[in-house]
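Overview (structure and organization)
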Amino acid sequence: MDKSMLGDLGTLPPEDQARMSTMIDQLQIRDSLRMYNTLVERCFTDCVDTFRRKTLDKQEETCVRRCAEKFLKHSMRVGLRFAELNQGAATPD
């Protein structure tokens, strides 16, 4: 979540501004960890079939790399689209 989306926090007392900033930071960390965990679970489930060795074989490694790239590109694209929609909603027509 972008802090600029909350509007003018300058009207709040300094203690409330600090509290809101801390809360936003915690939400951003939580969302980042959730995205990372989803990525790991999805790519592992899709790409790793057996536990023959301690390391990934070439096919599994390639699959995980492609999966991660697709997931991150998709997440970036969705984030950009939401930002565009948010800017469009913020401007009066």
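Worth saying up front: this structure is predicted, and the values here are computed from it rather than measured.

**Comments concerning the overall build of the protein chain**
For the protein chain, the helix and strand inventory stands at 2 helices and 0 strands. Across the 93 residues in the protein chain, those meeting the buried criterion constitute 11%. For the protein chain, the proportion of contacts with a sequence separation of at least 24, taken over those separated by at least 6, is 41%.

**Some thoughts on a nonpolar patch on the surface**
Together, Val78, Phe82 and Leu85 line one region of the surface with nonpolar side chains, adding up to about 280 Å² of accessible area. Judged by its relative accessible area of 45%, Leu85 falls in the partly exposed class.

**A word on the pattern of salt bridges**
Summed over the entire model, instances satisfying the criterion amount to 6 salt bridges. With its nearest N and O atoms 3.2 Å apart, the salt bridge here joins Asp31 to Arg30. Overall, Arg30 belongs to the partly exposed group, its relative accessible area being 41%. A cluster of three or more residues bridged by salt bridges with shared partners is formed by Arg30, Asp31 and Arg34.

**Details of the nonpolar core**
One broad trend across soluble globular proteins is that nonpolar side chains are buried collectively. Residues Leu39, Cys43, Cys47, Cys67, Ala68 and Phe71 constitute the largest nonpolar core, which totals 6 residues. When residues of this core are traced back to their parent elements, those giving at least two are helix H1 (14-47) and helix H2 (58-90).

**Details of the state of the cysteines**
Scanning all chains against the criterion turns up 2 disulfides. Each sulfur in the disulfide pair Cys43 and Cys67 lies 2.1 Å from the other. Between Cys43 and Cys67 the sulfur-sulfur dihedral comes to about -90 degrees; the bridge is accordingly left-handed. Remark: Cys67 occurs in helix H2 and Cys43 occurs in helix H1; sequence separation between them is 24 residues. Accessibility classification places Cys43 together with Cys67 in one group, the buried group. Covalently, Cys47 is tied to Cys63 through a disulfide, its sulfur atoms 2.0 Å apart.

Rules used throughout
Residues numbered from 1 in each chain as written. Predicted model: local features only at pLDDT ≥ 70, side-chain atom pairs only at ≥ 80, totals over all residues. Heavy atoms only, no water. Helix = DSSP H or I, 4+ residues; strand = E, 2+ residues; numbered from the N terminus. Buried < 20%, exposed > 50% of the residue type's maximum accessible area, 1.4 Å probe, protein only. Contact = heavy atoms within 4.5 Å. Patch = residues over 30% accessible without salt bridge, like charges linked within 9 Å, V, L, I, M, F, W, Y side chains within 5 Å. Areas by Shrake-Rupley, 256 points an atom, 1.4 Å probe, with all protein chains shown as cover. Salt bridge = Lys/Arg side-chain N within 4 Å of Asp/Glu carboxyl O. Core = buried A, V, L, I, M, F, W, Y, C linked by side-chain atoms within 4.5 Å. Disulfide = S-S within 2.5 Å.

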